Amino acid sequence: GNAPQEAATTTNSDDNVETLQDESSPAASSPEDEVPTELSPEEVLHQATCRALAQLHPKRDLPMAMSQFYSQYVLKCRPPGTTVELKKTRYKKFGAYIQEQVDGDLVIVGSDPGNKKDPLARLVGYNARHEDLRPYIQERKEEQKLQGSNDAS
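Quick caveat: nothing in here was measured; it's all calculated off a predicted structure. (Residues numbered from 1 in each chain as written. Predicted model: local features only at pLDDT ≥ 70, side-chain atom pairs only at ≥ 80, totals over all residues. Heavy atoms only, no water.)

Notes on helix 5 (residues 94-103)
Residues spaced three or four apart along an α-helix point in a common direction, a consequence of the helix completing one turn every 3.6 residues.
Item 1. Every buried residue of helix 5 is listed here: Phe94, Tyr97, Ile98 and Gln101. Take helix 5 and look down its axis: the buried residues cluster within an arc of 100°, on one side only.
Item 2. Residues of helix 5 that are buried sit in contact with helix 2 (41-55), helix 4 (66-74) and strand 2 (107-110).
Item 3. Within two residues after helix 5, Asp105 carries a phi angle of roughly 70°, on the positive side. (Buried < 20%, exposed > 50% of the residue type's maximum accessible area, 1.4 Å probe, protein only. Helix = DSSP H or I, 4+ residues; strand = E, 2+ residues; numbered from the N terminus. Arc of directions from axis to C-beta. Contact = heavy atoms within 4.5 Å.)

Put into structure tokens, the structure is as follows:
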């Protein structure tokens, strides 16, 4: 009656194999990207934001409160094995980063109807043709093809 236990222990080694594959696959697919952890805090933030933007459906999801966009989208879209640490970026705050992206024609923002003091209170739209977004939008389209448009949301 030892066989079931043996089967249970082998799953551990399977997990190890999977993590090794995860580490090597990004490097294999894009040699110019060194180790993912080498990203600067700014790059982590920007990649997470671009990926988050690409997942938004402008007509359905926007406008959205900037705080909600950051907490529910950006933080979940960061590259694997990284953390978004605003205090370590040169921006220090998400708003300062967003302001730069507004200037760079990546995002469109607006003030909250109930509070005009903060011009960055809401994410109103984004420039889907922006070169920083293109790879992520392409990625999203590929994923949608794979899913076969059975979008439950």
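Picking up where we left off.
Examining the pairing of strand 3 (residues 122-126)
Item 1. Relative to strand 3, strand 1 (residues 64-65) runs antiparallel, the two being bridged by 2 bridges. By the bridge assignment for strand 3, Met64 is matched with Leu123.
Item 2. As judged from the 4 bridges shared by strand 2 and strand 3, these two strands associate in the antiparallel manner. Paired with Ile108 across the bridge in strand 3 is Gly125. (Pairing = 2+ DSSP bridges.)

Structural notes on unusual backbone geometry
Item 1. The step from Leu62 to Pro63 runs through a cis peptide bond, and the omega angle for that step is -5°.
Item 2. Relative to the assigned elements, Pro63 resides in the loop between helix 3 (58-61) and strand 1.
Item 3. Located in the positive-phi region is Lys92, a residue other than glycine, with phi close to 70°.
Item 4. Locating Lys92 in the fold gives a position in the loop between helix 4 and helix 5.
Item 5. According to the relative accessible area criterion, Lys92 is exposed, its value standing at 51%.
Item 6. For Asp105, which is not glycine, the phi torsion reads 70° and is therefore positive.
Item 7. In this fold, Asp105 is placed in the loop between helix 5 and strand 2.

Topic: the side chain of Gln101
Item 1. You can see Gln101 is positioned in helix 5.
Item 2. Its relative accessible area of 8% is what places Gln101 among the buried residues.
Item 3. Those residues within four positions of Gln101 in sequence are excluded, and the remaining contacts are His46, Tyr91, Leu106 and Val107.

Here's the deal with the nonpolar core
Item 1. Core analysis: the largest hydrophobic core is formed by 29 residues, its most contacted members being Leu45, Leu53, Phe69 and Phe94.
Item 2. Secondary structure elements with two or more residues in this core: helix 2, helix 4, helix 5, strand 3 and helix 6 (134-147).
Item 3. Ranked by residue count, the leading element in this core is helix 2, at 7 residues.
Item 4. Among all residues touching Leu53, those that are not within four sequence positions of it are Phe69, Leu106, Val107, Leu123, Tyr126 and Leu133. (Core = buried A, V, L, I, M, F, W, Y, C linked by side-chain atoms within 4.5 Å.)

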